[in-house]
Amino acid sequence: MIKKLSSYDGPIALKREACNLIDDGVEAIFGPSSQAESVAVICNNTGIPHILFDYGIEENYSHKYKHQMTLNVFPSPSILSKAYADIVNSFGWKKFTIVYDAEDVHAYTKLQDLFQLHSLHSDIVRIRKFKRNEDYRILWKSIKGERRIVLDCNPNILLDLLKAAVPFDLTGQFNHLFLTNLDTHSSEIKSFRDNPAYAMNVTAVRLKLNDGFYKHSIAHKRAIANIKFHRQPLKVTLIHDALMLYGIALKNITTNYPTTQRYVNCDYNEYNSTYSSPAGSYIYNSMTNISPLDEVHFRSGSMLFDDNGQRTGFEIEMYEPLNDYGTAFWNTKGQITQQHIGANVLKKIVYRVATRIGEPYFMENLTAKTENVTHNRRYMGYAVDLIEALSKEIGFEYIFVPVADNGYGKYNKETKQWNGIIGELINNDAHMGICDLTITQARKTVVDFTVPFMQLGISILAYQKPTESKAWSAFLDPFTVDVWIYVMISIFIIALLFIFMARISRDEWENPHPCNKDPICLENKWNISNSFWLTMGSIMTAGSDILPCSASMRTFNAMWWIFAVIIANSYTANLAAFLTNSKMEGSISGIQDLAEQTKVKFGTMEGGSTFTFFSESNETTYRLAYNLMQNNDPPAYTKDNKEGVDRVLKNNGSYMFLMETTSLEYNTERNCKLKMLGEKFGEKHYAIAVPFGAEYRSNLSVAILKLSERGELFQLKNKWWKNHNNTCHEGVQTDASETPDMTFSEVRGIFYTLGVGVIIAYTVGIFEFLIYTQKVAAAEKLTFKKAFLKEIIFVLCVWNNKKPLKLASSNSSKTTSPNAP
């Protein structure tokens, strides 16, 4: 039985129609959509179940006492309000405006959680209201420039509101509109799909479909049933579920507890109360305790209710109404689950990618430039390849837009504006920003970031002195020329003094024939040859086959040995240091050493993330380093990394540059005069920056994670960082903490000395051999040639160590022959 009333009918008309239905014997009343207070009271008095299917007002205990037979299958306004707040938080909105219909009595209830944000942050969460049929341009003009709007309105006026917002740039592609009405799908908003004036990001909500219901529906294809359902007004779906709820409960009661029909009306009896339906309370309780097994009968999902008859079991689907695809699901636990990751590529937007010129992330392709190539093919670099890989992974078109000031993003306290890439995003002149852009707290307050695509730190860029070629006489460097002269003079003088000391020492004169107890002469073994041999052997730390005997000679020799030991050890100790390179920065091994000295100046790029790290750090070492940089004259800061690198090269070790390790590695790979000093510190991350609430941020993050898992990010870095023609490992210095290997060029002088000595020795030996050969030829009456061949053959017979003394015996016979008889 259906009774229709107009919006002009008051509570009396509602009461009359409700009583007429009861008099006609109805067992339950559904509705009305508004002004249901009087109907709820009548149903409460007569014990007839009362089921609603539209927005209801949260009731306190005193009101609920009069409405104990009322259930509402429409989602609870308080839980719905929580859903809206969770969704807005998921967008990451820090600033937005709430717009609602002032004539909607339910607006405050369903938006109460968002209104509480306004009461806490009135400067960033604003509230505006409107009335139907007024000039909506006044409303939009008051919030011109706002990019994030929560709009709660009836679907039949939605188009008029959006059309009025166009002149105030509130529907452009950088705006985000959140529609809270659950019936938005029944509006004509899809007519704006191909209109360029409505390029904003739109998110709407609707009740999530019940998968179980559509699997058992007459339509065998869920997609068809899905579309059919979403084209229906929400009230149609909820009326269906309300009828099914009552029908299932009635079936359960009549099956288990047969009841007899009794007459019930609105008239009061002698006890000043109405007659109540005997089965009404049973049916009501059954409806509030419908088993989850019966959920398959409901289009809008689970039918769970609280003690006040408010529906607490439901899920919300977030979707894009212009193209009608879902994006996420919200449940009553506050969880938001993403869906259809690639769906928003249906928006044919050419994404503007803000970046800056800087190796190796973004560079101009000189070949393409000379050929007048335009657009993206004009550029190359790590960022170019990364965006290209992401576009293929997700499926979007893009164009690179280098920023005019080539800046990353620095906040100007005077103008209160951001420059560089961050400024482009804030001013909605770009969709995303990529380069060596570090995630910082200041930047996160004005833009969003994807997951990082690169992890890094800070380190010190220092000058790498090339190895200098040593002279052949490098082994003599431990002593200066005058020291070597004094040592040689000392050897000569000591040898001569040794001879005279030996000649005046009595114990140094020895019997040449010990077996002869009465020698006719004594012999002194310390001639010029032996004296020089002992003196040279001592200073070369070598031994000798003869030693002094007298006390004076031993004392004299001991003093010379002390001198020789000191000279030899001093030379050995200094030899390694003089054969390797000494470095100015040898005592600096990290940021702490750098901060504790003043000889070597250092700095960083002004306004960059490294500058911010030192300026905002409370760690003692970093604060000390920052103070030193601040007090440097001339200033230690640079405009960009390139200027810092050039400054390190120009100062040849008297200036060091603090920079991020990725840029540092790139420069050291390509310049042998640069090196990284110390370990990295201050962990950082590079990521892609996007405007607040950008719906494509999660898609980019997922794509970056996929590229990382497949190893493509690692391959990209190797492509642009690794210098395969690197020859820097040859002829460069090592760290001061390491012991370098000595090359031949550093010790070749010793080999030269050895060679010269061997040549001199062999020259003397050859002369002695020739003289001896001449004597043999004379003694044996041979020609010199034959004697030479005879002796040289004997010399070559190295296995023969015994030689006959023919020459000696011949000489002996000649001396004894005159005395023969």
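Chains are numbered independently. Their residues run from 1 in the order of the written sequence. Restriction of local features to residues with pLDDT of at least 70 applies here, the model being predicted, together with a cutoff of 80 or more for giving and counting side-chain atom pairs; totals for whole chains, interfaces and linings are based on all residues. Excluding hydrogens and water, the side-chain values take into account all heavy atoms of the structure.

## Notes on the sheet that holds strand E8 (residues 201–207)
The pairing of strands in a sheet happens through backbone hydrogen bonds and is either parallel or antiparallel.
Phase 1: Pairing between two strands is assigned when DSSP locates at least 2 bridges connecting them. What counts as a helix is a DSSP run of H or I of at least four residues, what counts as a strand is a run of E of at least two, and both are numbered from the N terminus. If you trace the 8 strands from one edge of the open sheet to the other, you get E5-E4-E6-E7-E8-E10-E11-E12, paired in mixed fashion. The sheet terminates laterally at strand E5 (125–130) and strand E12 (336–338), the two strands that pair on one side only. Strand-to-strand twist across the sheet, computed as the mean angle between neighbouring axes with direction ignored, equals 25°.
Phase 2: One ladder, built from 3 bridges, connects strand E11 (residues 325–330) with E12; its direction is antiparallel. Bridge pairing in E12 places Phe329 opposite Thr337.
Phase 3: It only takes one pair of heavy atoms within 4.5 Å for two residues to be counted as in contact. In this analysis an axis means a line fitted to C-alpha atoms, helices contributing only their contacting stretch, and an angle means the value between N-to-C directions, from 0 to 180 degrees. Packed onto the sheet, helix H8 (residues 155–165) meets E5, strand E6 (148–152) and strand E7 (176–179) and runs at close to 150° relative to E6.

## A word on the pattern of salt bridges
Phase 1: Throughout this description, the term salt bridge denotes a Lys or Arg side-chain nitrogen within 4 Å of a carboxyl oxygen of Asp or Glu. The full count for this structure, using the stated rule, is 21 salt bridges.
Phase 2: Across the salt bridge formed by Asp169 and Arg147, the nearest N and O atoms sit 3.5 Å from each other. Here Asp169 is found in the loop between H8 and E7, whereas its partner Arg147 is found in the loop between helix H7 (136–142) and E6, with 22 residues between them in sequence.
Phase 3: The rule is simple: take the accessible area with a 1.4 Å probe, protein chains only, and divide by the maximum for that residue type; under 20% is buried, over 50% is exposed, in between is partly exposed. With a relative accessible area of 42%, Asp169 lands in the partly exposed category.
Phase 4: One network of salt bridges, with partners in common, ties together Lys190, Arg206, Glu317 and Asp324.

## Thoughts on the sheet that holds strand E3 (residues 70–75)
Phase 1: Taken in spatial order, the 4 strands line up as E1-E2-E3-E9 in an open sheet, and their pairing is parallel. The open sheet terminates on both sides in strands that have one partner only, identified here as strand E1 (29–30) and strand E9 (310–311).
Phase 2: Bridge count between E3 and E9: 2 bridges; the pairing is parallel. Residue Asn72 lies in a different strand from E9, and its bridge partner there is Gln310.

## Quick word on empty space enclosed by the protein
Think of a ball as big as a water molecule: rolled over the atoms, this probe shows where empty space is left.
Phase 1: Cavity and pocket criteria rest on a 1 Å grid covering protein atoms alone: a 1.4 Å probe that fits but cannot get out defines a cavity, protein on both sides within 12 Å along at least 5 of 7 lines defines an open pocket, and an atom within 4 Å of a point defines a lining residue. Grid points are joined across faces, edges and corners, and a volume is the space filled by probe spheres set on the points. Here the structure, examined in full by the defined rule, presents 6 cavities of 30 Å³ or more.
Phase 2: Along its surface, the second largest cavity is lined by 13 residues, and Met605, Gly608, Ser609, Thr610 and Glu660 are the ones closest to its centre.
Phase 3: When residues of the lining of the second largest cavity are assigned to their parent elements, the largest contribution, 3 residues, is made by strand E25 (residues 655–660).
Phase 4: Residues were grouped as follows: Ala, Val, Leu, Ile, Met, Phe, Trp, Tyr, Cys and Pro as nonpolar; Asp, Glu, Lys and Arg as charged; and all remaining residues, including Gly, as polar. Its residues assigned to classes, the lining of the second largest cavity shows 4 nonpolar, 6 polar and 3 charged.

## A look at unusual backbone geometry
Phase 1: The omega torsion across Gly31 and Pro32 is 0°, close enough to zero to call that bond cis.
Phase 2: Along the chain, Pro32 turns up in the loop between E1 and helix H2 (37–46).
Phase 3: Across the junction of Glu359 and Pro360, the peptide omega takes the value -10°, indicating a cis bond.
Phase 4: On the secondary structure map, Pro360 appears in the loop between strand E13 (350–355) and strand E14 (363–364).
Phase 5: We note that Asp169 has phi near 55°; this positive angle belongs to a residue other than glycine.

## Here we look at the layout of surface pockets
Phase 1: By volume, the largest pocket is sized at about 1300 Å³.
Phase 2: As for the largest pocket, its lining consists of 44 residues, and the residues nearest its centre are Gly31, Pro32, Ser33, Ser34 and Ala36.
Phase 3: Of all the elements in the fold, those that place two or more residues in the lining of the largest pocket are helix H1 (11–23), E1, H2, E3 and helix H11 (234–256).
Phase 4: Residue classes in the lining of the largest pocket are distributed as 21 nonpolar, 14 polar and 9 charged.

## Examining the pairing of E3
Phase 1: Among the 6 residues that make up E3, 6 are buried, leaving the element largely enclosed by the rest of the structure.
Phase 2: Note: strand E2 (residues 50–52) against E3, 3 bridges, orientation parallel. Bridging across to E3, Leu52 finds its partner in Asn72.

## Side note on the nonpolar core
Phase 1: Within this scheme, the nonpolar core is defined by two criteria: the residues are buried Ala, Val, Leu, Ile, Met, Phe, Trp, Tyr or Cys, and they are joined through side-chain atoms within 4.5 Å. Val73, Tyr84, Leu114, Phe178, Leu245, Met287 and Ile316 are the most contacted members of the largest nonpolar core, which totals 51 residues.
Phase 2: Tyr379, Ile688, Tyr696 and Trp720 belong to the second largest nonpolar core, which has 37 residues in total.

## So, the UniProt feature "site: Interaction with the cone snail toxin Con-ikot-ikot" (unreviewed entry) in the chain
Phase 1: The feature "site: Interaction with the cone snail toxin Con-ikot-ikot" (unreviewed entry), as given by UniProt, occupies Lys706 in the numbering adopted here.
Phase 2: Among the structural elements, Lys706 can be located in helix H25 (residues 697–709).
Phase 3: Using a relative accessible area of 38% as the deciding quantity, one classes Lys706 as partly exposed. UniProt positions are given in the numbering used here, feature names are shortened, and annotations may be inferred rather than shown by experiment.

## With respect to H2
Phase 1: The buried count for H2 comes to 7 of 10 residues, which makes it a mostly enclosed element.
Phase 2: Of all the positions in H2, only Ser38, Val39, Ala40, Ile42, Cys43, Asn44 and Thr46 are classed as buried.
Phase 3: Buried residues in H2 make contact with H1, E1, E2 and E3.
Phase 4: Just beyond H2, the residue with positive phi is Gly47, at close to 75°.

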